[in-house]
Amino acid sequence: MKKISLVVLLLLLAVVVSGCIKPIVKEELIIDNETLVGYFINDSRCITANCDSIFTEGVKNSLTQLFPTVEFVEYDYASDLGGQFYEKYELSILPALLFTKKVEAEENYSRVQNYLTPRNDLLDLKLGATFDPITALHSMEFCDNEVDDDGSAPSAC
């Protein structure tokens, strides 16, 4: 039995050393504070009008009008980087859009200043988000979709 265990261990070691099996490497979340970046984190499970792709693209288009040099980086909550971002910036509802502080030097900063909240080294733009990715529920009920969005009752409206 010891010989079989030793042979299996040696075979496994040979496979790993040969590169056939690559060790799992966790992606590292990198925040670029040197340029104007908007970090958009969403959850692909959320399909209501305040977090679908139409909403996301509309927000990005509007902000590009105000800040032409902004670069957007998008994360999904279910991805490794999305989860890291969610935890690092202590988010609770999605979608979320956080800017680097470079936005403060922009000409149109005063137009969004009252809607930004500091969150570690970034600024969180209030989007009216309602989706909690932990429970996969919303913090409010949408009355026009016949779905129990907030988990309180079949149709709370």
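Residues numbered from 1 in each chain as written. Predicted model: local features only at pLDDT ≥ 70, side-chain atom pairs only at ≥ 80, totals over all residues. Heavy atoms only, no water.

Asker: In this structure, what is going on with unusual backbone geometry? I would like to understand it.
Answerer: If a residue is not glycine, its phi is most likely negative; likewise, a peptide bond is most likely trans. In this model, L94 is joined to P95 through a cis peptide bond whose omega is 5°. Following the sequence through the fold, P95 ends up in the loop between α3 (80-88) and β3 (96-100). The phi dihedral of E90 falls on the positive side, at around 50°, and the residue is not glycine. The residue E90 is located in the loop between α3 and β3 in this model. E90 gets classed as exposed once you look at its relative accessible area, which sits at 61%. Its identity is not glycine, yet N120 carries a phi of approximately 55°, on the positive side. Following the sequence through the fold, N120 ends up in the loop between β4 (116-119) and β5 (122-125). (Helix = DSSP H or I, 4+ residues; strand = E, 2+ residues; numbered from the N terminus. Buried < 20%, exposed > 50% of the residue type's maximum accessible area, 1.4 Å probe, protein only.)

Asker: Looking at this structure, I do not really get helix α2 (residues 53-66). What am I missing?
Answerer: Structural remark: α-helix, 3.6 residues per turn; residues separated by three or four positions point the same way. Over its 14 residues, α2 runs 20 Å from end to end, which matches the ideal 20 Å to within 8%, given 1.5 Å per residue. Along α2, the residues that are buried comprise T56, V59, K60, L63 and L66. Projection of α2 onto a plane perpendicular to its axis shows the buried side chains occupying an angular sector of 115°, all on one side. Seen from the buried face of α2, the exposed residues on the opposite side, beyond 90 degrees, are S53, I54 and Q65. Buried residues belonging to α2 abut β1 (37-42), β2 (71-76), β3, α4 (109-112) and β5. (Expected span 1.5 Å × (residues − 1). Arc of directions from axis to C-beta. Contact = heavy atoms within 4.5 Å.)

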